[in-house]
Amino acid sequence: MEKNYRAELTGVFGDPVDGNPTGVMEEAAYRALGLNYRYLTMRVAAGDLAAAFAGAKAVGMAGLNLTMPHKQTIVPLLDGLTDAAERIGAVNTVFRDGSRWIGENTDGKGFVRALKLAGTDPAGARVTILGAGGAARAIGVECALAGAAAITVVNRSEAHGRALAEQIAGRTPASAVWQPWDGLAVIPAGTDILIQATSVGLHPHGEELPDVQLDTITPEMVVCDVVFNPVRPRFLQEAAARGAKTVTGIGMLVQQGALNFELWTGRRAPADVMYDALAREFGAQEDARGDHH
């Protein structure tokens, strides 16, 4: 039998994307299972998405991730959406179903899975989300579907904040409200799970803090950050200093990455291998593992 030198191509479109380590864990997983797949990290400006996606289809890529600013603008370019992606209105993963290109959203599912692995179940919880972008939408909807009782969306844009709260309240069993983000945000008393779902603190701006009154974070809260690079952005350090339990963005990154892997390859993802690859990459074995066990 002739040797096949053609690799199946996967990758991510985003801008900025240089600090995105997804390829490290996906390629480690491909190697672990002996799959001839590659993962490419590609900077695609907002105005170039349609051309880049046409190229991905032309070269027969096996699948794609989308990160900022493409999670919503990819939707009209696709042949279909999963129920989750339709409900959320944002896509972070594209996979092929025969000749059709389908959009899925694994961000929220990955977040909920990581939260449970870290010992926190969103069922019955009062959740506060900072931000109303693609990640916030996915996480808000999936937390609600996982049984969260009430969700507060803190966002500067009233239109986006209200739209997300209404989306959650209208499409899930949870109640949801928008809270204006004027000046320093006050975290509502009684919040069980606080989720920082903006890009504030992302590499190379790891010292930046979201505009939050830090003293309204209490030891009773579980505080999560979707930022994964650095592993412990300053916001999580400040929350830990106030006695809160913290969950890093690495857990969500690995769990959504595992779901993506399964969609693209049809194989069960070696999640431990993916954790280890990122732990080595960031030199943060304990942090990455902390979300897993």
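Presented here is an overview of the structure given in this document. (Residues numbered from 1 in each chain as written. Predicted model: local features only at pLDDT ≥ 70, side-chain atom pairs only at ≥ 80, totals over all residues. Heavy atoms only, no water.)

## Describing the layout of surface pockets
Selection criterion: Think of a 1 Å grid over the protein atoms and nothing else: a 1.4 Å probe that fits but is trapped marks a cavity, an open set flanked by protein within 12 Å on at least five of seven lines marks a pocket, and residues with an atom within 4 Å of a point count as lining. Grid points are joined across faces, edges and corners, and a volume is the space filled by probe spheres set on the points. Each helix is a run of DSSP H or I of at least 4 residues and each strand a run of E of at least 2, with the numbering of both proceeding from the N terminus.
By volume, the largest pocket is sized at about 870 Å³. Contributing to the lining of the largest pocket are 44 residues, with Thr67, Met68, Lys71, Ala135 and Ser199 lying nearest its centre. The set of elements that each furnish at least two residues to the lining of the largest pocket consists of strand E3 (63-66), helix H5 (134-145) and helix H8 (249-265). Take the lining of the largest pocket: its biggest share by element is 5 residues, from H8.

## Overview of the pairing of strand E7 (residues 126-130)
Selection criterion: We call a residue buried when its accessible area falls under 20% of the maximum for its residue type, exposed when it is over 50%, and partly exposed in between, using a 1.4 Å probe and counting protein chains only. We call two strands paired when DSSP finds no fewer than two bridges between them. A clockwise course of the path from the first strand over the helix to the second, judged with the strands pointing away from the viewer, identifies a crossover as right-handed.
Extensive coverage of E7 is indicated by the burial of 4 of its 5 residues. Bridge count between E7 and strand E8 (residues 150-155): 5 bridges; the pairing is parallel. Looking at the pairing, Arg126 lines up with Ala150 of E8. Considered for its hand, the β-α-β crossover made up of E7, H5 and E8 is right-handed.

## Quick notes on the side chain of Asp107
Counted only if it meets this: Working rule for contacts: check all heavy atoms of both residues, and any pair within 4.5 Å makes them a contact.
Note on placement: Asp107 falls in helix H4 (residues 107-117). Setting aside chain neighbours within four positions, we find Asp107 in contact with Lys71, Asn92, Ala138, Met252 and Gln256.

## A few points about empty space enclosed by the protein
Applicable threshold: Residues are grouped as follows: Ala, Val, Leu, Ile, Met, Phe, Trp, Tyr, Cys and Pro are nonpolar; Asp, Glu, Lys and Arg are charged; all remaining types, including Gly, are polar.
Applying the stated rule across the entire model yields 1 cavity of 30 Å³ or more. Elements with a contribution of two residues or more to the lining of the largest cavity: H4, strand E11 (222-225) and H8. The element that contributes the greatest number of residues to the lining of the largest cavity is H4, accounting for 3 residues. Class assignment of the residues belonging to the lining of the largest cavity gives a composition of 7 nonpolar, 2 polar and 1 charged.

## As for unusual backbone geometry
With an omega dihedral of 10°, the bond running from Asp15 to Pro16 counts as a cis peptide bond. For Pro16, the position within the fold is in the loop between strand E1 (8-14) and helix H1 (22-32). Looking along the chain, the bond that leaves Met68 and enters Pro69 is cis, with omega of 5°.

## Section: the packing of aromatic side chains
When we look at a pair of aromatic rings, we describe it by the centre distance and by the angle of the planes. So the rule is basically this: Each pair of aromatic rings taken from Phe, Tyr and Trp, with Trp reduced to its six-membered ring, is defined by centres within 6.5 Å and is described as stacked if the planes are under 30 degrees apart, edge-to-face if over 60, and tilted in the remaining cases.
With the rule as written, the count across this model stands at 4 aromatic pairs. Here Tyr30 and Phe261 contribute two aromatic rings whose centre-to-centre distance is 5.5 Å and whose plane-to-plane angle is 25°, an arrangement assigned as stacked. Residue Tyr30 is located in helix H1, and its partner Phe261 is located in helix H8; the two are separated by 231 residues in the primary sequence. The burial state of Tyr30 is the same as that of Phe261; both residues are buried. What links up through ring pairs into an aromatic cluster is the set Tyr30, Tyr37 and Phe261.

## So, the nonpolar core
Applicable threshold: We call a set of buried Ala, Val, Leu, Ile, Met, Phe, Trp, Tyr and Cys residues a nonpolar core when their side-chain atoms join them within 4.5 Å.
Counting 34 residues, the largest nonpolar core has Phe111, Ile151, Ile168 and Ile195 as its most contacted members. By residue number, the principal contributor to this core is H5, which donates 6 residues. The residues touching Ile195, leaving out its near neighbours within four places in the chain, are Phe111, Val127, Thr128, Ile129, Leu130, Ile139, Cys143, Cys224 and Val226. Judged by nonpolar contacts, the second largest core, of 23 residues, contains Ile102, Leu253, Trp264 and Leu278.

## Looking at the sheet that holds strand E10 (residues 193-196)
Rules: Axis angles are defined between N-to-C directions and span 0 to 180 degrees, where every axis is a line fitted to C-alpha atoms and, for a helix, only to the segment in contact.
Spatial ordering of the open sheet is given by E9-E8-E7-E10-E11-E12, a layout of 6 strands whose pairing is parallel. Edge positions in the sheet fall to strand E9 (175-180) and strand E12 (245-247), since each has one partner strand and no second. The mean angle between the axes of side-by-side strands here comes to 20°, regardless of whether they run parallel or antiparallel. In the sheet, E10 pairs with E11 via 4 bridges, with the strands oriented parallel.

## Looking at the packing of H4 against H8
Operational definition: Working definition: roughly parallel below 35 degrees, roughly antiparallel above 145 degrees, roughly perpendicular at 65 to 115 degrees, and oblique for all remaining angles. Each crossing is labelled by how the near helix is turned from the far one, with a counterclockwise turn of less than a right angle marking it left-handed and a clockwise turn marking it right-handed.
With their axes 7 Å apart at the nearest point, H4 and H8 run at an angle of 125° to one another. Relative to H8, H4 is oriented oblique. Where H4 crosses over H8, the handedness of that crossing is right-handed. Mapping the contact onto sequence places Asp107, Lys109, Gly110, Phe111, Arg113, Ala114 and Leu117 in H4 and Gly251, Met252, Gln255, Gln256, Ala258 and Leu259 in H8. Of the residues that constitute the contact of H4 with H8, the class distribution is 6 nonpolar, 4 polar and 3 charged.

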